[in-house]
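Close look at the chain arrangement
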Amino acid sequence: MINLNIKYSLEDEILRIKNTAERIDHYKEHGYKVFLPENLSMNDPNIKDSLIDTEYIKKLLSNEYDEENYKNNEKYLLNELPKIDFVLNHFFNSLSLKPQETYKIIFTRYGVGGSYYPPDCVIINVRTRKEKQITISVIHEIIHLSIQNLIDKYEIDHWKKERVVDLIMNEIAPEINIMQNIPINTEEIDKTFTKYYPDIERIIKTI
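This report concerns the structure included in the present document. (Residues numbered from 1 in each chain as written. Predicted model: local features only at pLDDT ≥ 70, side-chain atom pairs only at ≥ 80, totals over all residues. Heavy atoms only, no water.)

Scanning the chain for helices and strands turns up 10 helices and 4 strands. Counting helices and strands in the order they occur from the N terminus, the chain gives β-α-α-α-α-α-α-β-β-β-α-α-α-α. For the chain, the C-alpha radius of gyration of 18 Å lies close to 17 Å, the compact-globule estimate for 207 residues. Overall, the chain is about 55 × 40 × 25 Å in size when its C-alpha atoms are taken along their principal axes. Expressed as a percentage of its 207 residues, the buried residues of the chain come to 47%. A separation of at least 24 residues holds for 64% of the contacts in the chain among residues at least 6 apart in sequence. When the accessible area of the chain is evaluated, it comes to approximately 11100 Å², of which 45% is carbon and sulfur surface. (Helix = DSSP H or I, 4+ residues; strand = E, 2+ residues; numbered from the N terminus. Rg over C-alpha atoms; globule rule 2.2 N^0.38 Å. Buried < 20%, exposed > 50% of the residue type's maximum accessible area, 1.4 Å probe, protein only. Contact = heavy atoms within 4.5 Å. Areas by Shrake-Rupley, 256 points an atom, 1.4 Å probe, with all protein chains shown as cover.)

Printed below as a string of structure tokens:
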């Protein structure tokens, strides 16, 4: 059984906002929509400096943080555990990979839609995800975590990495997968994936 440790707190949101501010340039470069506290904009040239102060962020969140919203999403995700477990076990068995003992799932309402931090941390933006999409996002980000060592080893860039994860999702759970529209030509990636799947290292090395 895949073990999920679901977390959410005001402190987690403060950290998320700080990390988002630090990565604003990366998000702009790749065209991501970013969610910040009300009346803040990622296009503000001073956004990084303005979000250094913890007390300032806490004040911004005083009227926005609603724990009930996170609890409702936690209840939903726990009910989805059998589906998540089934899909991820298929993934790990198909690619001969080993899961982490526990995955930490942090709910947020800020930043981008989903993020991951190796070896075992997933962040899901519940503001941007309907319930079904939360399930898909958890699976998607755990796949990212599981192949990140190969992504680093072969220095695969952002959008190629996203395409590989989408293609894996399409193999293991086509009934729930949603292919992203990404701004690169994916023809060669798709051919390589079809040719070598499930040899994930060969796929990543080749592309």
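On inspection of all chains with the given rule, the structure shows 7 aromatic pairs. Considering the side-chain rings of Tyr32 and Trp159, the 5.8 Å spacing of their centres and the 20° angle between planes classify their relative orientation as stacked. Of the two residues, Tyr32 is situated in the loop between helix H2 (24-29) and helix H3 (47-50) and Trp159 in helix H8 (residues 158-172); the sequence distance between them amounts to 127 residues. A relative accessible area of 23% means that Tyr32 is categorised as partly exposed. (Phe/Tyr/Trp six-rings, centres within 6.5 Å; stacked < 30°, edge-to-face > 60°.)

As a further point, take the environment of Ile178. Within the secondary structure layout, Ile178 lies in the loop between H8 and helix H9 (187-196). Taking C-alpha positions, Ile178 is 7.7 Å from Asp166, a pair spaced 12 residues apart along the chain. Excluding anything up to four places from it in sequence, Ile178 contacts Ile136 and Asp166.

Two numbers describe how helix H6 (residues 81-95) lies on helix H7 (residues 131-153): the axes approach to 10 Å, and their chain directions differ by 25°. Considered as vectors, H6 and H7 are oriented roughly parallel to each other. By crossing handedness, the relation of H6 to H7 is classed as right-handed. Packed against H6, whose contacting residues are Lys83, Ile84, Val87, Leu88, Phe91 and Phe92, the element H7 presents Thr135, Val138, Ile139, Ile142, Ile143 and Ser146 at the interface. Across the contact of H6 with H7, the residue classes break down as 9 nonpolar, 2 polar and 1 charged. (Axes fitted to C-alpha atoms, helices over the stretch in contact; angles between N-to-C directions. Parallel < 35°, antiparallel > 145°, perpendicular 65-115°, else oblique. Left-handed = near helix turned anticlockwise from the far one by under 90°. Nonpolar A, V, L, I, M, F, W, Y, C, P; charged D, E, K, R; others polar.)

Here helix H1 (residues 10-22) is 13 residues long and its end C-alpha atoms lie 19 Å apart, about the 18 Å a rise of 1.5 Å per residue gives. Asp12, Glu13, Ile14, Arg16, Ile17, Thr20 and Ala21 are the residues of H1 that are buried. (Expected span 1.5 Å × (residues − 1).)

Right, let's talk about the side chain of Thr135 for a bit. Assignment of secondary structure puts Thr135 in helix H7. Among residues more than four places away in sequence, those in contact with Thr135 are Tyr76, Glu80, Lys83 and Ile84.

The peptide bond linking Pro118 to Pro119 adopts the cis configuration, its omega dihedral lying at 5°. Structurally, Pro119 can be placed in the loop between strand S3 (114-117) and strand S4 (121-125). Residues other than glycine seldom take positive phi values, yet Ser96 does so here, at roughly 55°.

On to the nonpolar core, then. Grouped together as the largest cluster of nonpolar side chains are 48 residues, with contacts concentrated most on Leu4, Leu77, Ile105, Phe107, Ile168 and Ile200. Setting aside residues no more than four positions away along its own chain, Ile168 makes contact with Phe91, Leu95, Ile143, Ile147, Phe193 and Ile200. Listed in part, the 14 residues of the second largest apolar core include Ala21, Ile24, Met42 and Tyr110. (Core = buried A, V, L, I, M, F, W, Y, C linked by side-chain atoms within 4.5 Å.)

The next subject is the sheet that holds S3. As summarised here, the arrangement of the 4 strands in space is S1-S2-S4-S3, forming an open sheet in which the pairing is mixed. In the strand order of this sheet, the two ends are held by strand S1 (4-7) and S3, each with one partner. Each neighbouring strand pair of the sheet contributes to a mean axis angle of 20°, computed without reference to strand direction. Judged from the 4 bridges that link them, S1 and strand S2 (residues 103-108) form a sheet pairing that is parallel. (Pairing = 2+ DSSP bridges.)

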